[in-house]
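Residue-level structure breakdown
Okay, here's what each chain looks like letter by letter:
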Amino acid sequence: YTEPINVTAKQQDVIIALDPFDFGKQEEGYPSAGENQGQYITISNNGNVTADIDITLPDGNDYFVLEKDKVTLAPGTGGKIYIRPKQGLPAGTYTGTVRVGAATGAMQEGSLKFTVTPDITLPTGSITVSGDKWSGILNQVTFGKFFNKTQKVSLSASDSGSGVGSIYYIIADRSYTLEELNALPNGKWNLYEKEFNIDPDRRYIIYAKITDNRLHNTHMSLY
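Predicted model only: the values in this text are computed from it and were never measured.

Conventions used here
- Residues numbered from 1 in each chain as written.
- Predicted model: local features only at pLDDT ≥ 70, side-chain atom pairs only at ≥ 80, totals over all residues.
- Heavy atoms only, no water.
- Helix = DSSP H or I, 4+ residues; strand = E, 2+ residues; numbered from the N terminus.
- Buried < 20%, exposed > 50% of the residue type's maximum accessible area, 1.4 Å probe, protein only.
- Pairing = 2+ DSSP bridges.
- pLDDT = per-residue confidence, 0-100.
- Contact = heavy atoms within 4.5 Å.
- Axes fitted to C-alpha atoms, helices over the stretch in contact; angles between N-to-C directions.
- Phe/Tyr/Trp six-rings, centres within 6.5 Å; stacked < 30°, edge-to-face > 60°.

**Looking at the environment of Asp 173**
Here Asp 173 shows up in the loop between β13 (164–172) and α1 (178–183). The exposure class assigned to Asp 173 is exposed, which follows from its relative accessible area of 73%. Linking Asp 173 and Ile 206, residues 33 residues apart in sequence, is a C-alpha distance of 8.9 Å.

**Considerations on the pairing of strand β7 (residues 78–85)**
Summarising burial for β7: six of the eight residues are buried, a large majority. As paired strands, strand β5 (residues 64–68) and β7 are joined by five bridges and run antiparallel to one another. In the strand pairing of β7, Glu 67 is matched with Tyr 82.

**Quick notes on the confidence of the model for the protein**
Averaged over every residue, the pLDDT of the protein is 76; the share at 70 or more is 72%. For the protein, strand β17 (residues 218–222) is the element with the lowest average pLDDT, namely 45, and strand β14 (residues 190–191) is the one with the highest, namely 92. For residues 32–38, every residue scores under 50 in pLDDT, and the model assigns this stretch 10 contacts once sequence neighbours within four places are set aside. Taken together, the stretch residues 216–223 has pLDDT below 50 and engages in 55 contacts with residues farther than four places along the chain or on a different chain.

**Here we look at the sheet that holds strand β15 (residues 196–198)**
Strand pairs in the sheet, formed through backbone hydrogen bonds, run parallel or antiparallel to each other. Pairing within the open sheet is antiparallel, and its four strands lie in the order β11-β10-β12-β15. Bordering the open sheet on either side are β11 (132–134) and β15, each of which pairs with just one other strand. Each strand axis lies, on average, 30° off the axis of its neighbour in the sheet, ignoring direction. Here strand β10 (residues 124–129) runs beside β11; their pairing, made up of three bridges, is antiparallel. The residue of β11 that forms the bridge with Thr 128 is Lys 133.

**Some details on the packing of aromatic side chains**
What the rule picks out here adds up to four aromatic pairs. Between Tyr 169 and Tyr 192 the ring centres are 6.3 Å apart and the planes differ by 80°, which places this aromatic pair in the edge-to-face class. Taken together, the residues span a long stretch of sequence, with Tyr 169 in strand β13 and Tyr 192 in the loop between β14 and β15 at a distance of 23 residues. Taking the relative accessible area as the measure of exposure, Tyr 169 reaches 14% and is therefore buried. Aromatic pair Tyr 169 and Phe 196: ring centres 4.5 Å apart, planes at 15°, arrangement stacked.

Shown next, in the form of structure tokens:
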């Protein structure tokens, strides 16, 4: 008596698409342009058994970040492995090698490279009171604007480097030099979130401080 026996061979067929990565240039502290924007490795399992994917970054992995979509692939499935530089790195050129493979020996190797440049761009900004705008420190304070009604004050900022971090302001009853402003503790500054009002029949000197995302560059404006 005989019975037919059906046998299916186990086959693992992993395809890895891995090209050299060049993230280009970024300023200190920047999030990389490669973050989830096309800088990834594609993997697919065309076999009929589950495939475990192994990913290796440069020794220590101290300046690259992995974001894994899938590292264990069922038959007929695929995934992506994102790679990006870390934020807040000092200036310099960074290189490395990424290795991606599966148990079948389908190993591929690719190069990684990016350059970090210093952020030397100062943020800019302005203070606007009822249509009148100031965008720099005044060497001498003169009270040349008079209002008999409540006025709105708005602050604006821009930074072509690492971007605007925060805007702060204080309302003073006397003038400060730039050195005195820099010496003020952080607790003296108010975080600017939206426009605010000033009442009539009083004297105001408004100082604004803008920090960029690197936190070491500031720009002062004064009304």
